[in-house]
There are 2 protein chains.
Amino acid sequence: MEKAPFLTVDSVIFSFDESALKLLLVKRAIDPFNDQWSLPGGMVAGAKGNTLEAIARDKLMIKSGVDVDYIEQVFTTGNDQRDPRGWSVSVVYSALIPYQAAHHNADWVADAAWFKVDELASMRLAFDHQDIIQVALERLRQKSLYSIVAGYALPAPFTLSQLQHIHEVILGKPIQAKSFRRRIEQADLLEPAGEIQLDRGRPAALFRMKPAARKYTFVRNLDG
Amino acid sequence: MEKAPFLTVDSVIFSFDESALKLLLVKRAIDPFNDQWSLPGGMVAGAKGNTLEAIARDKLMIKSGVDVDYIEQVFTTGNDQRDPRGWSVSVVYSALIPYQAAHHNADWVADAAWFKVDELASMRLAFDHQDIIQVALERLRQKSLYSIVAGYALPAPFTLSQLQHIHEVILGKPIQAKSFRRRIEQADLLEPAGEIQLDRGRPAALFRMKPAARKYTFVRNLDG
């Protein structure tokens, strides 16, 4: 390449609303890909923040009005094909958050909205954002298999049934309640938060995520 | 920030030599950090390659003479503190490879050499490369717990004892042979490659990694 590549950040923000896994998109109001939906993000050059993560959160807030207190790096994509203007790199972040309304408040964004993940596949998105979303979605599904990351999509407190339901929506299939609850117990990442009396039957226990759960990574011992 | 950040790639290359896990470093011959050891990498602007991965492999070859046929992205670090010249971003790649000699062949590199990982911690390296190495090392150890990634550090064919030995060196502790072999069998990532007659006793079976093993990622089912 002749000159330095564009360096951008992009965020894949998932939430749970209307019984569906949703993703946050913003409609572009500038070229390239004017008028097309894209991930909330933007150029690192000239941005506000001391770290890439801070810049990703700032871009997210500016373009969609969505505020996150935690965002995780997924991967970085960079090549000479993904942007018609030339060599371009995007550092991709992702988070699963309780639902909050989106609203665009930057001139160069025409709209901000949540879309059902199931409906995304048929949409034509800007740049390689469709590919990026698939990587982040696969990562979320893998995490849902071995952790209780889905708890972050629920406003606390929540019941174990609510938690299981979100896992089932993310994975796209039912899971056994007994097995799910045993694993939740083993993980030891929830703390009690009272109980709720539903329409009939016994009261259901309420939980919230322990603060330490953020750092949870699953390790299976080869020698264990 | 005022102008665009520096964008670099860096590679954390592990190998196994003299019964130890080793890491490849190059000695800088330019400021900043002139005369200090650093990861082989460099600026993306003006580099040769159509993807970040291709550029990382090219920089590695130019600076250390080490050729890899596969390299994996670990993470990206970027902030206003890691480079005295200002805002800087590094996309970090890593690989575990059979041992090959290193030699510097670029003017702006003073030396290229392998260091025992155990001896690295006390070295003062350029930039935040010490921190980057720790992240890559932790990733390698986690992968060694659930996959047989260590097979890539061995010239094929190899025995299961050799494979186990490398896992033990990476993990820094002994593992049970019986349990290790059961997991190796379950993983189904090795293929037979004859046998070898050692000093005494039965011949030992030889193996090599299946080509598909590269794509192996471990997923534990929540509902399984």
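Everything numeric here is computed off the predicted structure, so don't read it as measured data.

Undergrad: Explain the pattern of salt bridges to me, please; I cannot follow it from the model alone.
TA: Pairing of side chains with opposite charge becomes possible as their charged atoms draw close. Residue and element names in this part refer to chain A. The final tally for this structure, using the stated rule, is 14 salt bridges over all chains. Between Asp-188 and Lys-210 there is a salt bridge, and its shortest N-O distance comes to 3.0 Å. Residue Asp-188 is found in the loop between helix 5 (177-187) and strand 8 (190-196), and its partner Lys-210 is found in the segment after strand 9 (204-209); the two are separated by 22 residues along the sequence. Arg-208 is the partner of Glu-191 in a salt bridge, and the nearest nitrogen-oxygen pair spans 3.8 Å. On the criterion of sequence distance, the pair formed by Glu-191 in strand 8 and Arg-208 in strand 9 is long-range, its members being 17 residues apart. Each of Asp-17, Glu-18 and Lys-22 takes part in one network of salt bridges that share partners.

Undergrad: Can you help me understand the interface of chain B and chain A in this one?
TA: By convention, interface size is frequently given as the accessible area that disappears when the constituent parts associate. Facing the 46 residues of chain B at the interface are 46 residues of chain A. Counting the contacts that link chain B with chain A gives 0 salt bridges. Remark: the boundary between chain B and chain A carries 9 residue pairs in polar contact (both at pLDDT 80 or more). At the level of secondary structure, the elements contributing two or more residues to the side of chain B that touches chain A comprise helix 1 (52-64), strand 5 (72-79), strand 6 (88-97), helix 3 (129-146) and helix 5 (177-187) of chain B. With 6 residues, the single largest contributor to the side of chain B that touches chain A is strand 5 of chain B.

Undergrad: Which parts of the structure should I look at to understand the packing of helix 4 (residues 160-171) of chain A against helix 5 of chain A?
TA: Helices that pack against each other are described as a pair by the angle of their axes relative to one another and the distance between those axes. All names here are of chain A. It is at 11 Å that the axes of helix 4 and helix 5 come closest, and there the two elements cross at 105°. Looking at the two axes, helix 4 sits roughly perpendicular to helix 5. Here Leu-160, Ser-161, Leu-163, Gln-164 and His-167 of helix 4 lie close against helix 5, whose contacting residues are Ala-177, Phe-180, Arg-181 and Ile-184. Class assignment for the residues of the contact of helix 4 with helix 5 results in 5 nonpolar, 3 polar and 1 charged.

Undergrad: Is there a simple way to think about the layout of surface pockets in this case?
TA: Gaps between atoms show up when a probe of the same size as a water molecule is rolled over them. Residues and elements named next belong to chain A. Within this model, the second largest pocket holds a volume of roughly 380 Å³. Along its surface, the second largest pocket is lined by 24 residues, and Arg-28, Gly-41, Gly-42, Met-43 and Lys-63 are the ones closest to its centre. Breaking the lining of the second largest pocket down by element, the ones donating at least two residues are strand 1 (6-17), strand 2 (20-28), strand 4 (41-43), helix 1 (52-64) and strand 6 (88-97). Of the residues contributing to the lining of the second largest pocket, the split by class is 9 nonpolar, 7 polar and 8 charged.

Undergrad: Explain the environment of B:Ala56 here, please?
TA: Residue and element names in this part refer to chain B. Summarising the element assignment, Ala-56 is placed in helix 1. With 58 residues separating them along the chain, Ala-56 and Trp-114 place their C-alpha atoms 18 Å apart. In this structure Ala-56 touches Val-9, Ser-11 and Tyr-93, once residues within four positions along its chain are discounted.

Undergrad: I'm lost on helix 3 of chain B in this one. Help?
TA: Along an α-helix, residues three or four positions apart point the same way, because every turn accommodates 3.6 residues. In this model helix 3 of chain B runs 26 Å from its N-terminal to its C-terminal C-alpha over 18 residues, within 8% of the 26 Å that 1.5 Å per residue would give. Along helix 3 of chain B, the residues classified as buried are B:His129, B:Gln130, B:Ile132, B:Ile133, B:Ala136, B:Leu137, B:Leu140, B:Lys143, B:Ser144 and B:Leu145.

Undergrad: Would you take a moment to explain the nonpolar core for this structure?
TA: A general feature of soluble globular proteins is that nonpolar side chains tend to end up buried together. Counting 45 residues, the largest nonpolar core has A:Val9, A:Ile13, A:Leu52, A:Val66, B:Val9, B:Ile13 and B:Leu52 as the members making the most contacts within it. Where this core is concerned, the elements lending two or more residues are strand 1, strand 2, helix 1, strand 6 and strand 7 (109-116) of chain A together with strand 1 (6-17), helix 1 and strand 6 of chain B. Formed by 42 residues, the second largest nonpolar core is a distinct cluster that contains B:Leu39, B:Phe115, B:Leu171 and B:Ile175.

Analysis parameters
Residues numbered from 1 in each chain as written. Chains lettered and ligands numbered in written order. Predicted model: local features only at pLDDT ≥ 70, side-chain atom pairs only at ≥ 80, totals over all residues. Heavy atoms only, no water. Salt bridge = Lys/Arg side-chain N within 4 Å of Asp/Glu carboxyl O. Helix = DSSP H or I, 4+ residues; strand = E, 2+ residues; numbered from the N terminus. Contact = heavy atoms within 4.5 Å. Polar contact = N/O pair within 3.5 Å; in protein donor to acceptor, adjacent residues only side chain to side chain. Axes fitted to C-alpha atoms, helices over the stretch in contact; angles between N-to-C directions. Parallel < 35°, antiparallel > 145°, perpendicular 65-115°, else oblique. Nonpolar A, V, L, I, M, F, W, Y, C, P; charged D, E, K, R; others polar. 1 Å grid on protein atoms, 1.4 Å probe; cavity = no way out; pocket = protein on both sides within 12 Å on 5 of 7 lines; lining within 4 Å. Points joined across faces, edges and corners; volume = space filled by probe spheres on them. Expected span 1.5 Å × (residues − 1). Buried < 20%, exposed > 50% of the residue type's maximum accessible area, 1.4 Å probe, protein only. Core = buried A, V, L, I, M, F, W, Y, C linked by side-chain atoms within 4.5 Å.

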